[in-house]
Amino acid sequence: MSARERIIQILSGPEASRIRFSFPVGKTAMTISSHTFQRVARAFRHGHIRINITNHLPAGIGAIYHPTAAPDHPADQLVVPPILGRFQEGLVMHECIHAFYDIEKIAIDARHEESAAYVVGSLFYRMAGLPQPDPGHTQDCARLVAEGLLAEYQDGNQPVPAVDDDSWNELMEAVRTDPAYAGREPAVGGSYVHDGVL
């Protein structure tokens, strides 16, 4: 199976089909659902997102989605390690949130976008029965948001549950102060590029 086929399979898999939640961005509620992953899978299916499988990612970086071109990479490229197991599948899920906002040209700041991506990864790992990777404060905060959503899924009261405000705000602050983002958009309150050019 090619890397492209494997990524499409992940985005169409049982975990992706079950992940659904909304989160506040100002007075707006943003939603992540199976539609999110189907939209990105369609972009991969049509070859609109390039894939670079590599063992040479920068230190501390599990995977990267590049919305714009640079001397060392083309635009609209997902850079991931070899997808050997479920851990790497979770990295794909995280980065595909960034691809979705780029594809759809959605105006969202980087801190909210990263927080949503962390929650997606955390939900994926919990649903797959795996421990959270690289334990740390940001991952711990994402896990708490995910646990609240999983409880909502079990209660079945809302088709698309909203994140708990307190745990979401803690995650947002953890992303802002995470050393991995020092001097980058989540820490300084900027936004990633969402130009939809695919």
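The rules behind these values
- Position numbers for residues count from 1 along each chain, tracking the sequence in the order it is written.
- Local features in this predicted model are restricted to residues of pLDDT 70 or higher, and side-chain atom pairs are both shown and tallied only at a pLDDT of 80 or more, whereas totals for entire chains, interfaces and linings draw on every residue.
- To obtain the side-chain values, all non-hydrogen atoms of the structure were used and water was disregarded.
- A run of H or I in DSSP counts as a helix once it spans at least four residues, and a run of E counts as a strand once it spans at least two, with each numbered from the N terminus.
- Polar contact criterion, stated in full: a pair of N or O atoms within 3.5 Å, where within protein one must be able to donate a hydrogen and the other to accept it, and residues adjacent in sequence count only if both atoms are side-chain atoms.
- For this analysis, residues touch if any pair of their heavy atoms sits within 4.5 Å.
- Only buried residues count toward a nonpolar core. Its members are Ala, Val, Leu, Ile, Met, Phe, Trp, Tyr and Cys residues joined through side-chain atoms within 4.5 Å.
- Residue exposure (1.4 Å probe, protein chains only): buried if accessible area is under 20% of the type maximum, exposed if over 50%, otherwise partly exposed.
- Each cavity reported here is a set of points on a 1 Å grid over the protein atoms alone in which a 1.4 Å probe fits but cannot get out, each pocket an open set with protein on both sides within 12 Å along at least five of seven lines, and each lining residue one with an atom within 4 Å of a point.
- Grid points are joined across faces, edges and corners, and a volume is the space filled by probe spheres set on the points.
- Just so you know the grouping, Ala, Val, Leu, Ile, Met, Phe, Trp, Tyr, Cys and Pro go in nonpolar, Asp, Glu, Lys and Arg go in charged, and all remaining residues, Gly too, go in polar.

So, the side chain of arginine 39
Then, in step 1: With respect to the helices, strands and loops of the structure, arginine 39 is situated in helix H3 (residues 34-45).
Then, in step 2: Only 2.7 Å separates the side chain of arginine 39 from the side chain of glutamate 104, close enough to count as a polar contact.
Then, in step 3: If we ignore the near neighbours within four places in the chain, the residues touching arginine 39 are Phe100, Ile103 and Glu104.

Notes on the nonpolar core
The nonpolar side chains of soluble globular proteins are, as a tendency, buried together.
Then, in step 1: If you look at the biggest cluster of nonpolar residues, it comprises 57 residues, and the most contacted ones within it are Ile19, Phe21 and Phe23.
Then, in step 2: For this core, the element with the most residues is helix H5 (residues 110-127), which contributes ten residues.

So, the layout of surface pockets
Then, in step 1: Space inside the largest pocket adds up to approximately 930 Å³.
Then, in step 2: Contributions of two or more residues to the lining of the largest pocket are made by strand S4 (64-66), helix H4 (86-103), H5 and helix H6 (137-155).
Then, in step 3: The biggest single contributor to the lining of the largest pocket is H4, with seven residues.
Then, in step 4: Taken together, the residues of the lining of the largest pocket break down into 16 nonpolar, 17 polar and eight charged.

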